[in-house]
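Architecture at a glance
These are the residues of each chain, in order.
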Amino acid sequence: MALVHNRFEEQTIRMSEATAGDFFALLKPRVMSLVVFTAFVGMVAAPVSINPFLAVVAILAIAIGAGASGALNMWYDADIDAVMTRTVNRPVPSGKVTPHEALTFGLVLSVLSVMTLGVLVNWLSAALLAFTIFFYAVIYTMWLKRWTPQNIVIGGAAGALPPMIGWAAVTGSVSLESVVLFLITFLWTPPHFWALALFKSEDYARAGIPMMPNVAGEASTRRQIFAYSLLLAPVGVAPWLLGYTTIGYGVVSLALGIGFVWYAWKVLRMPDSDRVMKPAKALFGYSLLYLFVIFAAYLADSVIERVFALGGA
Amino acid sequence: MSNDDLVTLTDKQKKARRSRNVAIGLALAALVIIFYLATIAKFGPAILDRSL
């Protein structure tokens, strides 16, 4: 009895002060909103439709799954989040949520979201969601992020999968059209994050994360950003070139792509002595706009085409 | 066990616990409603028509 008593005395009992809002912050709501939006575009772009309520359930499950992977990321990365200005106020490094709570929350929501999507929608989309969570939490967070400057290139696959999951939730299959949607976000990720890494390189260096500017240097990063922008621009137009959308999307995506290359060119021409890095900050801001507008254009194109098809029927 | 052995929650901890409890309650209620409606959506109204 005395032994039990002593063990309790040695442990520090910590009563949680974490509110529901702190747990919600673990889901990375801003990333989740992007996931919801791109998954929704994937669902609407699909040539068939499902029951609207099941569509809402699918979006909800995908959002929760993405949030769960965010919680697992915050559990594992608490040590580096604590030394970066951008992430120091996250729930785990700020002490609002314990690492154990974040891990449990992430695991429970992962299982719940995958099972819900599988049981209520279909198992292909559930498998893709499970793969996305695994890829982000294990392959990217635990392995690539601290190991290679190609971390966000390969890890970008996790963020690019939601439109494919949305497509699979509706069609029960994966097609070239959904692969093109995947490729747009996949090729967008490196220039987006490297633009951020350029003007936040000290933060990443302090945390010991091998981001491209810290490993290959700023000049090499600027060249690679430009190279990726040259790849991204035509892939953005590909849905029109492949006949999936109307010329309306083609014009918008072409203009967006030219804009992206222009901003990346300004980053490429940025002198080494420039520590304010306005071009990199401008590219980072533009890249967010690019992804939102290109998916919004795809969505509008799909909706308009469907309305015209209904009108003609 | 005397009262000294019990953990006394501060107001902040009580407020946080209430916030978590409400969120869990709402999430469970939402799950029940989602699975109920999704079952009808998947199988159609015929699922309610069964002999007892």
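One numbering rule holds for all chains: residues counted from 1, following each sequence as written. Going through the entries in the order they are written, you letter the chains from A and number the ligands from 1. Local features in a predicted model are, by the rule used here, given only for residues with pLDDT of at least 70; side-chain atom pairs are given and counted only at 80 or more, and totals for whole chains, interfaces and linings are based on all residues. Side-chain descriptors were evaluated using all non-hydrogen atoms of the structure, hydrogens and water having been removed beforehand.

Identification of chain B as Protoheme IX farnesyltransferase from Aminobacter anthyllidis is taken from an unreviewed UniProt entry.

Put simply, the rule is: UniProt positions are given in the numbering used here, feature names are shortened, and annotations may be inferred rather than shown by experiment.
The name that an unreviewed UniProt entry assigns to chain A is Protoheme IX farnesyltransferase, with the source organism given as Aminobacter anthyllidis. The annotation that UniProt attaches to chain A under Pathway (unreviewed entry) is "Porphyrin-containing compound metabolism; heme O biosynthesis; heme O from protoheme: step 1/1." The annotation that UniProt attaches to chain A under Sequence similarities (unreviewed entry) is "Belongs to the UbiA prenyltransferase family. Protoheme IX farnesyltransferase subfamily."

1. Quick notes on the overall build of chain B
Note the threshold: Numbering of helices and strands starts at the N terminus; helices are DSSP runs of H or I of at least 4 residues and strands are runs of E of at least 2. Three exposure classes are used, based on accessible area relative to the maximum for each residue type with a 1.4 Å probe and protein chains only: buried under 20%, partly exposed in between, and exposed over 50%. Per-residue accessibility takes into account occlusion by the displayed protein chains alone, with areas from the Shrake-Rupley method and a 1.4 Å probe. Residues scored as charged are limited to Lys and Arg (positive) and Asp and Glu (negative), so that His and the chain ends carry no count. Each charge is placed at NZ for Lys, CZ for Arg, CG for Asp and CD for Glu.
Helix and strand counts for chain B come out as one helix and zero strands. Judged by the C-alpha coordinates and their principal axes, chain B covers about 60 × 25 × 10 Å. Taking all 52 residues of chain B together, the buried fraction comes to 12%. A total accessible area of about 4500 Å² is found for chain B, and carbon and sulfur atoms account for 62% of it. Looking at chain B, you have 8 positive and 4 negative side-chain charges, and the mean spots of the two groups are 11 Å apart.

2. A look at the packing of helix H3 (residues 29–45) of chain A against helix H4 (residues 52–76) of chain A
When two helices pack together, their arrangement is given by the angle between their axes and by how far apart the axes lie. Residues and elements named next belong to chain A. Put simply, the test is: Under this scheme, a helix contributes an axis fitted over its contacting stretch, all axes are lines through C-alpha atoms, and angles between N-to-C directions fall in the 0 to 180 degree range. Each crossing gets its handedness from the near helix: less than a right angle anticlockwise from the far helix is left-handed, clockwise is right-handed. Two residues form a contact once any of their heavy atoms are found within 4.5 Å. We call Asp, Glu, Lys and Arg charged. Ala, Val, Leu, Ile, Met, Phe, Trp, Tyr, Cys and Pro are nonpolar, and the rest, Gly among them, are polar.
Viewed as axis vectors pointing N to C, H3 and H4 meet at an angle of 145 degrees, and their least axial separation amounts to 9 Å. By crossing handedness, the relation of H3 to H4 is classed as right-handed. Of the residues in H4, those touching H3 at Met32, Val35, Val36, Ala39, Phe40 and Met43 are Ala55, Ala58, Ile59, Ile62, Ala63, Ala66 and Gly67. Split into classes, the residues belonging to the contact of H3 with H4 amount to twelve nonpolar, one polar and no charged.

3. Considerations on the nonpolar core
Residue and element names in this part refer to chain A. Cut-off, in case you're wondering: Buried Ala, Val, Leu, Ile, Met, Phe, Trp, Tyr and Cys residues that are joined via side-chain atoms within 4.5 Å together make up what is termed a nonpolar core.
With 86 residues, the main nonpolar core has Leu117, Ile184, Trp194, Tyr290 and Phe295 as its most contacted residues. Once residues lying within four places of it in the same chain are set aside, the contact partners of Phe295 are Phe37, Thr38, Val41, Pro163, Leu181, Ile184 and Thr185. Counting nine residues, the second-largest nonpolar core is a separate cluster that includes Phe23, Leu26, Ala71 and Met74.

4. Section: the interface of chain B and chain A
Condition: Take the accessible area each of two parts loses on contact, using a 1.4 Å probe, and add the two losses: that sum is the buried area. The working definition used for a salt bridge is a side-chain nitrogen of Lys or Arg within 4 Å of a carboxyl oxygen of Asp or Glu. The definition of a polar contact used here is a pair of N or O atoms within 3.5 Å, where within protein one atom must be able to donate a hydrogen and the other to accept one, and adjacent residues in sequence count solely through side-chain atom pairs.
Residue-level contacts link 16 residues of chain B with 18 residues of chain A. Together, the buried faces of chain B and chain A total about 1400 Å²; carbon and sulfur atoms form 74% of this surface. Area buried by chain B at its contact with chain A is led by Arg20(B), Ile34(B) and Lys42(B), which between them contribute 31% of it. Where chain B packs against chain A, one counts one salt bridge. For the pair chain B and chain A, the interface holds four residue pairs in polar contact (both at pLDDT 80 or more). Class assignment of the residues belonging to the side of chain B that touches chain A gives a composition of ten nonpolar, three polar and three charged.

5. With respect to the confidence of the model for chain A
Residue and element names in this part refer to chain A. Heads up, the condition is: Each residue carries a pLDDT score, the predictor's confidence in it, ranging from 0 to 100.
For chain A, the average pLDDT comes to 93, and 95% of its residues sit at 70 or higher. The spread of mean pLDDT over the elements of chain A runs between helix H1 (residues 2–10), the lowest at 47, and helix H14 (residues 247–268), the highest at 98. This model gives residues 1–10 a pLDDT under 50, and the stretch forms zero contacts once residues within four places in sequence are excluded.

6. Examining the side chain of Thr221(A)
With respect to the secondary-structure elements, Thr221(A) resides in helix H13 (residues 218–241). When residues no more than four places from it in sequence are discounted, the contact partners of Thr221(A) are Trp194(A), Leu198(A), Met212(A) and Pro213(A).

7. Points about the pattern of salt bridges
Residue and element names in this part refer to chain A. All chains considered together, the criterion is met by eight salt bridges over all chains. The salt bridge involving Arg222 is made with Asp272; its shortest N-O contact spans 2.8 Å. Pair noted here: Arg222 is in helix H13 and Asp272 is in the loop between H14 and helix H15 (278–312), with a separation of 50 residues, a long-range link. By relative accessible area, Arg222 is classed as buried at 6%. On the accessibility criterion, Asp272 (51% relative accessible area) is exposed.

8. Some points on the packing of helix H9 (residues 162–171) of chain A against helix H10 (residues 176–199) of chain A
All names here are of chain A. The test is simple: Any angle between 65 and 115 degrees counts as roughly perpendicular, while under 35 counts as roughly parallel, over 145 as roughly antiparallel, and the rest as oblique.
Contact pair H9 / H10: the axes reach a minimum separation of 8 Å and the direction vectors enclose 160 degrees. Between H9 and H10, the angle falls in the class roughly antiparallel. Where H9 crosses over H10, the two elements pack in a sense that is right-handed. Of the residues in H10, those touching H9 at Pro163, Met164 and Trp167 are Glu177, Ser178, Val179, Leu181 and Phe182. Broken down by class, the residue content of the contact of H9 with H10 amounts to six nonpolar, one polar and one charged.

9. Considerations on unusual backbone geometry
All names here are of chain A. In the Ramachandran plot, Lys28 falls in the positive-phi region, its phi being about 50 degrees despite a non-glycine side chain. Turning to its location among the elements, Lys28 is positioned in the loop between helix H2 (20–26) and H3. Backbone geometry at Met277 places phi at a positive 55 degrees, although glycine is not the residue there. Topologically, Met277 is positioned in the loop between H14 and H15. Looking at Met277, the relative accessible area reads 1%, which means it is buried.

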